[in-house]
Amino acid sequence: MAEKILLVEDEEKLARMVELELQYEGYQVDKAFDGRTGLDRALSGEYDLVLLDIMLPALSGMEVLRRLRKESQLPVIMLTARDTVVDKVSGLDMGADDYITKPFAIEELLARIRAALRKRPAQAAEEPRSLLAAGALTMDTERHEVEVRGQSVELTRREFDLLRYLLENKEKVISRESLLDHVWGFDFVGETNAVDVYIRFLRSKIDERFDIKLIHTVRGVGYVIREDGNG
Ligand code: CA
């Protein structure tokens, strides 16, 4: 089966050119033109490798990489227009497998893709299960499953993403603005009370249903998941 590459690049002409070259080499290619879509796709588990531009709308390539590395060792090659030491070092520090500076020769990109894919099996074996937990609640971010005391909780995609962000930041109070940024995206336009509405959904599905208290309101600040309460 053809290896599947996710190309996250907002310069559509460049993306199209790279896509055609990769397809010609026999790879399957999907494109994402902003960081948020790129991260969602990268987390889907469908891909063998990600080509990730650094300067992207919605979420920067560095931020995509940082979040991706919390749960996946999927090979990532950073594409950077800025040939600076800082970018290379921080990209590699954050777990990029390699980087390539634009403009690049397609042969060089292909060589790096082959090298990154060769390294993959060993890494895949080490990949940890991505479990988040608070008190009686566990979340398997790979399987997209949430359980409380072993009972499954059905969540919509948005509820899941909101809960996940709160769990990743357990015991830290997160402002509504920050939740909007991280869960809905910087480009979110709409009612700012969306966060409160979704918190209510989560509470009815988790806290109220199981008679626990995980999601706390910090008045005038935001929300926090704490695992101390159980009644
Ligand atoms: Ca760009």
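Residues numbered from 1 in each chain as written. Predicted model: local features only at pLDDT ≥ 70, side-chain atom pairs only at ≥ 80, totals over all residues. Heavy atoms only, no water.

Under an unreviewed UniProt entry, the chain has the name Stage 0 sporulation protein A homolog and belongs to Lawsonibacter hominis. What UniProt records for the chain under Function (unreviewed entry) is the sentence "May play the central regulatory role in sporulation. It may be an element of the effector pathway responsible for the activation of sporulation genes in response to nutritional stress. Spo0A may act in concert with spo0H (a sigma factor) to control the expression of some genes that are critical to the sporulation process." (UniProt positions renumbered as here; feature names shortened; annotations may be inferred.)

Visitor: Lay out the pattern of salt bridges with the relevant residues and their values.
Guide: In this structure the tally under the stated criterion is 21 salt bridges. As a salt-bridge pair, Arg157 and Asp40 come within 3.5 Å of each other at their nearest N and O atoms. Here Arg157 is found in helix α7 (residues 157-168), whereas its partner Asp40 is found in helix α2 (residues 35-42), with 117 residues between them in sequence. On the accessibility criterion, Arg157 (47% relative accessible area) is partly exposed. As a salt-bridge pair, Glu227 and Lys170 come within 3.3 Å of each other at their nearest N and O atoms. Taken together, the residues Glu227 in the segment after β12 (222-225) and Lys170 in the loop between α7 and β10 (174-175) connect sequence positions 57 residues apart. The exposure class assigned to Glu227 is partly exposed, which follows from its relative accessible area of 38%. Among the charged side chains, a salt-bridge network with shared partners connects Glu9, Glu11, Asp53 and Lys102. (Salt bridge = Lys/Arg side-chain N within 4 Å of Asp/Glu carboxyl O. Helix = DSSP H or I, 4+ residues; strand = E, 2+ residues; numbered from the N terminus. Buried < 20%, exposed > 50% of the residue type's maximum accessible area, 1.4 Å probe, protein only.)

Visitor: Could you give an account of the packing of aromatic side chains, with specific residues and numbers?
Guide: Evaluated as defined, the whole model comprises one aromatic pair. Relative to Phe201, the ring of Tyr198 lies with its centre 5.2 Å away and its plane at 75°, an arrangement referred to as edge-to-face. Within this pair, Tyr198 and its partner Phe201 are both found in helix α9 (residues 194-210), separated by three residues, close to a single helical turn. Take Phe201: its relative accessible area is 36%, and that puts it in the partly exposed class. (Phe/Tyr/Trp six-rings, centres within 6.5 Å; stacked < 30°, edge-to-face > 60°.)

Visitor: So what's going on with helix α1 (residues 12-24)? Which residues, and what values?
Guide: Under the 1.5 Å per step criterion, the end-to-end length of α1 is 18 Å for 13 residues, consistent within 8% with the ideal 18 Å. If you check which residues of α1 are buried, you get Leu14, Ala15, Val18, Glu19 and Leu22. The arc that holds every buried residue of α1, seen down its axis, measures 135°, which confines them to one face. Across from the buried face of α1, at angles greater than 90 degrees, the exposed residues are Lys13 and Tyr24. Residues of α1 that are buried make contact with β1 (4-8), β2 (28-32), β3 (49-53) and α5 (106-118). (Expected span 1.5 Å × (residues − 1). Arc of directions from axis to C-beta. Contact = heavy atoms within 4.5 Å.)

Visitor: How would you explain the side chain of Asp53 if you had to name every residue and give the values?
Guide: For Asp53, the location among the structural elements is in strand β3. Polar contacts involving the side chain of Asp53 include one to the side chain of Lys102, which spans 3.1 Å. Here Asp53 is in contact with Val8, Glu9, Asp10, Gly61, Leu79 and Lys102, once residues within four sequence places are set aside. (Polar contact = N/O pair within 3.5 Å; in protein donor to acceptor, adjacent residues only side chain to side chain.)

Visitor: Outline the packing of α7 against helix α8 (residues 176-184), listing residues and values.
Guide: Between α7 and α8, whose axes approach to 10 Å, the crossing angle comes to 120°. Comparing their axes, α8 and α7 come out oblique. By crossing handedness, the relation of α7 to α8 is classed as right-handed. Contacts between α7 and α8 involve Arg158, Asp161, Leu162, Tyr165 and Leu166 from the first element and Ser178, Leu179, His182, Val183 and Trp184 from the second. (Axes fitted to C-alpha atoms, helices over the stretch in contact; angles between N-to-C directions. Parallel < 35°, antiparallel > 145°, perpendicular 65-115°, else oblique. Left-handed = near helix turned anticlockwise from the far one by under 90°.)

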